[in-house]
Amino acid sequence: MAVFQLESRGMQGMLKDAKPDRFEDIIALVALYRPGPMDLIPSFCARKHGREKVEYPDPRVEPVLKETYGIMVYQEQVMQMAQIVGGYSLGGADLLRRAMGKKKAEEMAEHRELFRGGAAKDGLSTEKADEIFDLMEKFAGYGFNKSHSAPYALVAYQTAWLKAHYPVEFMAASLTSVMGSSERVAYYVEECRRMGVEVLPPDVNESQARFTVAGGKIRFGLAAVKNLGEAAIEAIVAAREEKGPFRSLYDFCRRVDTRLLNKRAVESLIKAGAFDSLGGHRGQYLLALDRDLEAAQRHQRSEREGQLSLFSDIPAASGAPGGAPGFQEVGPPLPPCDPLPKASLLAMEKEVLGLYLSGHPLAQYQAQLVRLDTVSTAHLSERWEGDAVTVGGMVSNTKKIVTRNGSPMMFATIEDLTGAVEVVIFPSVLEKYAGLLQPDATVIVRGRVSFKDEEPKVIADEIQPLEAGSEERVYVTIPPELEKQEFLERVRAVLELNRGGVPVYLNFLSCGKTLLVDRECWIRPDEDAIAMLTGLVGEDGVSVQRG
């Protein structure tokens, strides 16, 4: 996460399999992880770890292909092979590379003859020359320049090193780099939590424009707070540096130029928790906002018009914002009121920060979401068209429309801990699950990924309620006459085909034992999976228990 070129889930999976232990491996993997050459990754990993024999199309090209375990990865390797086997000059090899990329039949026919001729000079048969030429042509179609892949790999290594050795500083810089996207900020904040790095809320007395490091933690940057412009942030920091920390909401409004800081901006700071460290609670600050802002505006207007207060020309005490010696004009006390409920505080944070910072409405469901093998919305873009996925979260928005044949369907936005995704519910599915799709309801959606409109969506097949603390279990009863290895292999095949996060228990009637299957055989108990199991052991042989 946040490591250049290597942060996608697919890249992470590839690295776990490849286990690179030298810089050349990273260069090759960066080049391979693209449509086309991606099919070669399993062979690359198997050859690296001795699970597959390393072979070369010609012994003379071993020095060229050795670092990539006999696999052509780079365009430079194709050119070098043309020189070594086909007798090409360096310029001629570049022309061959270009012709292979364009796939023009006439040019390729000419180069094939040239390659045959050059290979024949070293005693290579026409058949063997064609075999090598065909192999080169195949790889050249999607080969990547090593000269491009190497600097990408270098930056990838450098960012990975920084994340490993300076995790707090690295994540603070990474958060700053994505401040313009609240979705990416939420994504990286979740990564900080996973790493054990605490992200502190914005604070009028501590925050800078960017995310900063504070005592081994990350302080939220003011530039990531919505409705707060660059001029306002500069005015806040300048006022703080000139006369010290702010002591109250009134002191803040009085000292920061209200021509640069309007009510909406201050309200956003309150909702973000930026005044929490001054005492009181956000409900009180929201009540006091109009009063203190209007008083501050009158004060600043009077100063600009030259209407000075009684003590305005008396030097202030050290650290005091103004007025007579020892005076600290903090303004009237905050009005009394009940604290806002936790849900309201979280909703405010989501409104102005784009994420829940002090908590999350789904926090109580996190273990459930992991156990159910859900895909985070932030990772959906890494999936392929039509992939089966399970997502879980809170319904934040719904829109119902009527299809051409008069049937209702729905578009629902589901939010999880990392972002949100639009779920498409067609009429047949909506008819079954409409009652679950209420605002703020927590649900599990099983469906398929769609990239029809570029952004990933989920086409819903099944929807279930997500309940805190509830657990699903699937029980499959094996009658004595079916307790044979061949039949159990068929059961295992069905479980692997429907792999998910719900544990499966096998009841063996002959001995009265119930055994939990291996984790890799846990399933997602959708209608198809249950139907397949029922087809093996009968309707009475399968049960799904919740709670």
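Residues numbered from 1 in each chain as written. Predicted model: local features only at pLDDT ≥ 70, side-chain atom pairs only at ≥ 80, totals over all residues. Heavy atoms only, no water.

## Comments concerning the overall build of the protein
- Scanning the protein for helices and strands turns up 20 helices and 13 strands.
- Radius of gyration (C-alpha) of the protein: 32 Å, far over the 24 Å computed for a compact globule of 547 residues.
- Along the first, second and third principal axes, the C-alpha set of the protein runs to 105 × 70 × 50 Å.
- Looking at the protein as a whole, 47% of its 547 residues qualify as buried.
- Sequence separation of at least 24 residues holds for 60% of the intrachain contacts in the protein that already meet a minimum separation of 6.
- A total accessible area of about 27,300 Å² is found for the protein, and carbon and sulfur atoms account for 52% of it.
- In the protein, 65 positive and 77 negative side-chain charges are present, and the distance between their average locations comes to 1 Å. (Helix = DSSP H or I, 4+ residues; strand = E, 2+ residues; numbered from the N terminus. Rg over C-alpha atoms; globule rule 2.2 N^0.38 Å. Buried < 20%, exposed > 50% of the residue type's maximum accessible area, 1.4 Å probe, protein only. Contact = heavy atoms within 4.5 Å. Areas by Shrake-Rupley, 256 points an atom, 1.4 Å probe, with all protein chains shown as cover. Lys, Arg positive; Asp, Glu negative; His and termini not counted. Charge placed at Lys NZ, Arg CZ, Asp CG, Glu CD.)

## Structural notes on the domain arrangement of the protein
- What the domain assignment lists for the protein is domain 1 (35–143), domain 2 (179–304), domain 3 (363–465) and domain 4 (472–546).
- Between domain 1 and domain 3, the C-alpha centre-to-centre distance is 46 Å. (Domains from an automatic or database assignment.)

## Description of the sheet that holds strand β4 (residues 388–402)
- Overall, mixed pairing links the five strands, which are arranged β4-β5-β6-β8-β7 in a closed barrel. Sheet twist, expressed as the mean angle between neighbouring strand axes with direction ignored, is 55 degrees.
- The pairing of strand β6 (residues 420–425) with strand β8 (residues 457–465) spans three bridges and is parallel. Residue pairing for β8: V424 is matched across the bridge by I459. (Pairing = 2+ DSSP bridges. Axes fitted to C-alpha atoms, helices over the stretch in contact; angles between N-to-C directions.)

## Comments concerning the packing of helix α19 (residues 485–497) against helix α20 (residues 527–537)
- Packing of α19 against α20 leaves a shortest axis separation of 10 Å and a crossing angle of 175 degrees. Compared by their axis directions, α19 and α20 come out roughly antiparallel. Contact residues: α19 offers F487, R490, V491, V494, L495 and L497, while α20 offers M532, L533, L536 and V537.
- For the contact of α19 with α20, the per-class residue count stands at nine nonpolar, no polar and one charged. (Parallel < 35°, antiparallel > 145°, perpendicular 65-115°, else oblique. Nonpolar A, V, L, I, M, F, W, Y, C, P; charged D, E, K, R; others polar.)

## Focus: the side chain of T159
- Checked against the element boundaries, T159 lands in helix α9 (residues 146–165).
- With relative accessibility at 15%, the residue T159 sits in the buried group.
- Within the local environment of T159, its side chain forms a polar contact with the backbone oxygen of A156, the two atoms lying 3.0 Å apart.
- Beyond its immediate chain neighbours, meaning those up to four positions away, T159 contacts V3, F4 and F170. (Polar contact = N/O pair within 3.5 Å; in protein donor to acceptor, adjacent residues only side chain to side chain.)

## So, the pattern of salt bridges
- With the rule as written, the count across this model stands at 33 salt bridges.
- The closest approach of N and O atoms between E7 and R184, which form a salt bridge, is 2.9 Å. Of this pair, E7 sits in the segment before α1 (9–18) while R184 sits in helix α11 (residues 182–195), and the two are 177 residues apart along the sequence.
- A salt bridge links E198 to K217, with the nearest nitrogen and oxygen atoms 3.3 Å apart. Here K217 lies in strand β3 (residues 217–219) and E198 lies in the loop between α11 and β1 (199–200), a separation of 19 residues in the sequence.
- Residue E198 is classed as partly exposed on the basis of its relative accessible area, which comes to 40%. (Salt bridge = Lys/Arg side-chain N within 4 Å of Asp/Glu carboxyl O.)

## Quick word on the nonpolar core
- In this structure, I218 and F252 are the most contacted members of the largest nonpolar core, which totals 54 residues.
- Looking at this core, the elements that each hand over two or more residues are α10 (167–177), α11, α12 (230–243), α13 (249–255), α14 (263–272), α15 (282–304) and α16 (342–353).
- Apart from the residues within four sequence positions on either side, I218 is in contact with V168, M171, A172, L175, C192, V197, E198, V199, L200, F211 and T212.
- Within the second largest apolar cluster, 48 residues are counted, among which are V3, I26, L65 and A93. (Core = buried A, V, L, I, M, F, W, Y, C linked by side-chain atoms within 4.5 Å.)

## Some words on the sheet that holds strand β9 (residues 472–478)
- On the basis of which strands lie adjacent, the open sheet formed by four strands has the order β12-β11-β9-β13 and mixed pairing. Pairing within the sheet leaves two strands with one partner each, and these edge strands are β12 (513–516) and β13 (542–546). Here the strands of the sheet are splayed against their neighbours by 25 degrees on average, with no regard to which way each runs.
- Taken together, the five bridges between β9 and strand β11 (residues 504–508) define a ladder with parallel strand orientation. Bridge pairing in β11 places T477 opposite N507.

## Considerations on the pairing of β8
- Burial of β8 is extensive: seven of the nine residues sit out of reach of the surface.
- Here strand β7 (residues 442–450) runs beside β8; their pairing, made up of eight bridges, is antiparallel. The partner of V449 across the bridge, within β8, is V458.
- Where β7 hands over to β8, the hairpin turn is made up of six residues, of which E454 adopts a positive phi near 75 degrees.

## Observations regarding unusual backbone geometry
- Positioned with a positive phi, Q5 is a non-glycine residue whose angle comes to about 70 degrees.
- Examined against the element boundaries, Q5 turns out to sit in the segment before α1.
- With a phi angle near 70 degrees, D440 is a residue other than glycine that sits in the positive phi range.
- Assessed through its relative accessible area of 57%, D440 is described here as exposed.

## Quick notes on the environment of H360
- Summarising the element assignment, H360 is placed in the loop between α16 and α17 (366–371).
- In this structure, the C-alpha to C-alpha distance between H360 and F115, residues 245 residues apart in sequence, is 64 Å.
- Excluding residues that lie within four positions of it along the chain, H360 makes contacts with L346, D416 and L417.

## Let's talk about the pairing of β6
- Bridge analysis of strand β5 (residues 408–415) against β6 gives six bridges, and the strand direction is antiparallel. Each residue of the ladder has a partner; that of M410, found in β6, is I425.
- Hairpin geometry of β5 and β6 is characterised by an intervening segment of four residues between the two adjacent antiparallel strands.

## Regarding helix α3 (residues 41–48)
- Burial analysis of α3 places seven of its eight residues in the buried class, which makes it a mostly covered element.
- Turning to α3, its buried residues number three or more, namely I41, S43, F44, C45, A46, R47 and K48.
- Those residues of α3 that are buried are in contact with α1 and α2 (23–32).
- In the segment just after α3, G50 is the residue with positive phi, at about 75 degrees.

## Quick word on the packing of α10 against α11
- One way to put it is that α10 packs onto α11 with a least axis distance of 10 Å and a crossing angle of 170 degrees. The pairing of α10 with α11 is recorded here as roughly antiparallel in orientation. Of the residues in α11, those in contact with P167, M171, S174 and L175 of α10 are V185, Y188, V189, E191, C192 and M195.
- Of the residues that constitute the contact of α10 with α11, the class distribution is eight nonpolar, one polar and one charged.

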